[in-house]
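Commentary on secondary and tertiary structure
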Amino acid sequence: MSSPSPAPNSYSLEVARRIHNTTGKEHLERICVGGFLLESLWHSGIERRVLKTPAPAVRKAMLRAAVTWPVLYVVTSACISWAARKVDQAEEAQRKEAQRNIPT
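Note that the coordinates shown come from a computational prediction; the quantities given were computed from them, not determined experimentally.

Scanning the chain from terminus to terminus reveals 3 helices and 0 strands. For the chain, the sequential pattern of α-helices and β-strands runs α-α-α. The 104 residues of the chain split such that 14% are buried. Once local pairs closer than 6 in sequence are excluded, the contacts in the chain between residues at least 24 apart make up 71%. Surface summary for the chain: the accessible area is close to 8,300 Å², and the carbon and sulfur share equals 63%.

What follows is the structure, given as structure tokens:
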């Protein structure tokens, strides 16, 4: 049995723990590059050639993809870094609290 936490966790710490425990975060770069490539192939191949979408609409969609995927990568990386810092700080504080409560 584990002992209950001395104080309830804050909401931001709970969110940080969920982000920190997310699977696939180490593959974020590949996910974003792959997403951009797949979206680019969709717009340049399927939309343009098969669906006969006008060239200006395809260019606009490609530009939107070129902006969206890097922004997604940067924002997600920042969230993951924030979560890691928050969880590490909480664990360090918990360790210090545990050391302080050890009878000498």
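And the narrative resumes.
Okay, the packing of helix H1 (residues 11-20) against helix H3 (residues 55-100) next. H3 packs onto H1 with a crossing angle of 115° between their chain directions and a minimal axis gap of 8 Å. Here H1 and H3 pass one another in a crossing that is left-handed. Note on element contacts: H3 touches H1 through Cys79, Ile80, Trp82, Ala83, Ala84, Lys86, Val87 and Ala90, opposite Ser12, Leu13, Val15, Ala16, Arg17, Ile19 and His20.

The subject of this paragraph is H3. Given 3.6 residues per helical turn, the α-helix brings residues three or four places apart onto the same face. An ideal rise of 1.5 Å per residue puts 68 Å on 46 residues; H3 measures up with 67 Å between its terminal C-alpha atoms. Turning to H3, its buried residues number three or more, namely Val58, Ala61, Ala65, Trp69, Ala83 and Val87. Lining the buried residues of H3 we find H1 and helix H2 (28-50).

Take the side chain of Glu47 next. Assignment of secondary structure puts Glu47 in helix H2. The side chain of Glu47 sits in the buried core without any salt bridge; Arg64 is the nearest counter-charge, 6.9 Å away. In contact with Glu47, other than residues within four places in its own chain, are Trp42, Lys52, Thr53, Val58 and Ala61.

All right, on to the side chain of Ser40 then. Structurally, the position occupied by Ser40 is in helix H2. Taking relative accessible area as the criterion, Ser40 reaches 11% and is therefore assigned buried. Here the side chain of Ser40 touches Phe36 through a polar contact of 2.8 Å, landing on its backbone oxygen. Beyond its immediate chain neighbours, meaning those up to four positions away, Ser40 contacts Gly45 and Met62.

All right, on to H2 then. Its 23 residues place the ends of H2 31 Å apart at the C-alpha level, agreeing with the 33 Å of an ideal helix rising 1.5 Å per residue. The sharpest bend along H2 reaches about 30° and sits at Trp42. Listed as buried for H2 are Leu28, Cys32, Gly35, Ser40, His43, Gly45 and Glu47. The elements touched by buried residues of H2 are H3.

Thresholds, definitions, all that
Residues numbered from 1 in each chain as written. Predicted model: local features only at pLDDT ≥ 70, side-chain atom pairs only at ≥ 80, totals over all residues. Heavy atoms only, no water. Helix = DSSP H or I, 4+ residues; strand = E, 2+ residues; numbered from the N terminus. Buried < 20%, exposed > 50% of the residue type's maximum accessible area, 1.4 Å probe, protein only. Contact = heavy atoms within 4.5 Å. Areas by Shrake-Rupley, 256 points an atom, 1.4 Å probe, with all protein chains shown as cover. Axes fitted to C-alpha atoms, helices over the stretch in contact; angles between N-to-C directions. Left-handed = near helix turned anticlockwise from the far one by under 90°. Expected span 1.5 Å × (residues − 1). Lys, Arg positive; Asp, Glu negative; His and termini not counted. Salt bridge = Lys/Arg side-chain N within 4 Å of Asp/Glu carboxyl O. Polar contact = N/O pair within 3.5 Å; in protein donor to acceptor, adjacent residues only side chain to side chain. Bend = angle between axes of the 7 residues up to and from the residue.

It is worth stressing that arrangement in space is one thing and function is another; only the former is reported here.
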